[in-house]
Amino acid sequence: MQTPHSYADRGAKLRPSQNWLRGLVKDRPHAAMIAAFAAFLIRGAFVAPGVPFIIDGGIYLDMARAMAERGSLSIGGNGGVEDAPALVKLLTVAHDGKVMPQYPSGYAFFAAPFYMLFGVHGLMLMNALSFGLCVWLTYRLARMFYPEMTARWSAGVFAIATFAPTYMFGIWPHMLALAFWLGAIVAAVHAARAARRDLFLLAGFLVGCGVNIRVDAFLAGLIIFFWLRLFAGPGDRLSPLLLFIGAAPGLIFSAWLNSLKFGAFTPFSYGEPTGLDSTARYLPIAFADQ
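Model, not experiment: these values are computed from the prediction.

**Student:** I'm lost on the packing of helix α10 (residues 218–232) against helix α11 (residues 238–262) in this one. Help?
**Tutor:** In a packed pair of helices, the relevant descriptors are the angle between the two axes and the axis-to-axis distance. Where α10 meets α11, the closest approach of the two axes is 10 Å, and the angle between their N-to-C directions is 170°. Relative to α11, α10 is oriented roughly antiparallel. Between α10, through Phe218, Gly221, Ile224, Phe225, Leu228 and Arg229, and α11, the contact on the second element is made entirely by Ser239, Pro240, Leu243, Phe244 and Leu251. The residue makeup of the contact of α10 with α11, split by class, is 8 nonpolar, 2 polar and 1 charged.

**Student:** Honestly, the pairing of strand β2 (residues 98–101) in this entry has me stumped. Any pointers?
**Tutor:** Judged from the 4 bridges that link them, strand β1 (residues 92–95) and β2 form a sheet pairing that is antiparallel. The partner of Ala94 across the bridge, within β2, is Val99.

**Student:** Even after reading the chapter, I still don't get the packing of aromatic side chains, so can you show me in this structure?
**Tutor:** Two aromatic rings, taken as a pair, are described by how far apart their centres are and by the angle between their planes. Within this structure, the stated rule accounts for 15 aromatic pairs. When the ring of Phe253 is compared with that of Trp256, the centres are 5.9 Å apart and the planes differ by 35°; the resulting orientation is tilted. Taken together, the residues Phe253 and Trp256, both in helix α11 and 3 residues apart, mark about one turn of the helix. By relative accessible area, Trp256 is classed as partly exposed at 43%. The rings of Tyr60, Tyr103, Tyr107 and Tyr270 are connected pair by pair, giving a single aromatic cluster.

**Student:** What's the story with the environment of Pro173 in this structure? I'm lost.
**Tutor:** Topologically, Pro173 is positioned in the loop between α7 (148–160) and α8 (174–194). C-alpha of Pro173 to C-alpha of Arg214: the two residues are 41 residues apart in sequence and 7.3 Å apart in space. Beyond its immediate sequence surroundings of up to four residues, Pro173 is in contact with Tyr60, Tyr107, Ile213 and Arg214.

**Student:** Sorry if this is basic, but what is going on with the nonpolar core here?
**Tutor:** Looking at soluble globular proteins, one finds that nonpolar side chains tend to be buried together. Core analysis: the largest hydrophobic core is formed by 79 residues, its most contacted members being Met63, Tyr107, Leu123, Phe131, Phe200, Ile224 and Trp227. Beyond its immediate chain neighbours, meaning those up to four positions away, Phe131 contacts Phe37, Leu41, Phe158, Ala159, Ala164, Pro165, Met168 and Met175.

**Student:** Would you take a moment to explain the environment of Leu176 for this structure?
**Tutor:** Along the chain, Leu176 turns up in helix α8. Judged by relative accessible area, which is 8%, Leu176 ranks as buried. Placed 37 residues apart in sequence, Leu176 and Ile213 show a C-alpha to C-alpha distance of 7.5 Å. With residues up to four places along the chain from it excluded, the contact list for Leu176 reads Tyr107, Phe110, Met126, Asn127, Ser130 and Ile213.

Criteria and thresholds
Residues numbered from 1 in each chain as written. Predicted model: local features only at pLDDT ≥ 70, side-chain atom pairs only at ≥ 80, totals over all residues. Heavy atoms only, no water. Axes fitted to C-alpha atoms, helices over the stretch in contact; angles between N-to-C directions. Helix = DSSP H or I, 4+ residues; strand = E, 2+ residues; numbered from the N terminus. Parallel < 35°, antiparallel > 145°, perpendicular 65-115°, else oblique. Contact = heavy atoms within 4.5 Å. Nonpolar A, V, L, I, M, F, W, Y, C, P; charged D, E, K, R; others polar. Pairing = 2+ DSSP bridges. Phe/Tyr/Trp six-rings, centres within 6.5 Å; stacked < 30°, edge-to-face > 60°. Buried < 20%, exposed > 50% of the residue type's maximum accessible area, 1.4 Å probe, protein only. Core = buried A, V, L, I, M, F, W, Y, C linked by side-chain atoms within 4.5 Å.

What follows is the structure in structure tokens.
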């Protein structure tokens, strides 16, 4: 039976952050490569075309703008016409005469400072930096199990041969949400390897924060939970509890935001059902894909 202690025997040892930074300073070619990559991401965010954003991209732009300019969760109203209904559009709902985005509003809190500083390109910059963070987290996670070269290849495959570059300079929340996913998993694996149960609080906290970006970030918590119960520490009852305790603040905050937006105190809500969230609606597409 594996325990957090025995689990550490699988793969390469994780070097402390201080030693990693010290080694980076000494490894000048490696440091130069990372600096060049960061410069590419920052520069790319400002030269990428700020094309018109439609559908969900337009909603996220509205969310960032509303929070930056008005400190508001709502992205519209009734056009100033007394007693007129709220001017809802696709992927929004009406609540208390205001137009609310169906997506989690945690994105707006993260995006608002970037939008205030750099406009639309600030949103691209946030995504680009999140992409860079995801590359690094992929490397760190792989390094916990495999040799250095394998970890570098893992990060390279993620950066080049996946769908990740598609989202690098967009304004969708995928890269930001994935950073919370990977951060939670890295924290959980490190906790199990180093027998640091307190780090499961951090893993849970990152999951809770991620739910405020994309609801499906909660799946990261379930993955960590089942990994703990089935593999990393089947006899460990405290660590899964700490995981959910850590996630609680983020889940409660998400539920509070949804109560303001939709009148529903739950972290898992997109407002009123629209038909687009129906499983039956997508069954023909699923069968056609087969």
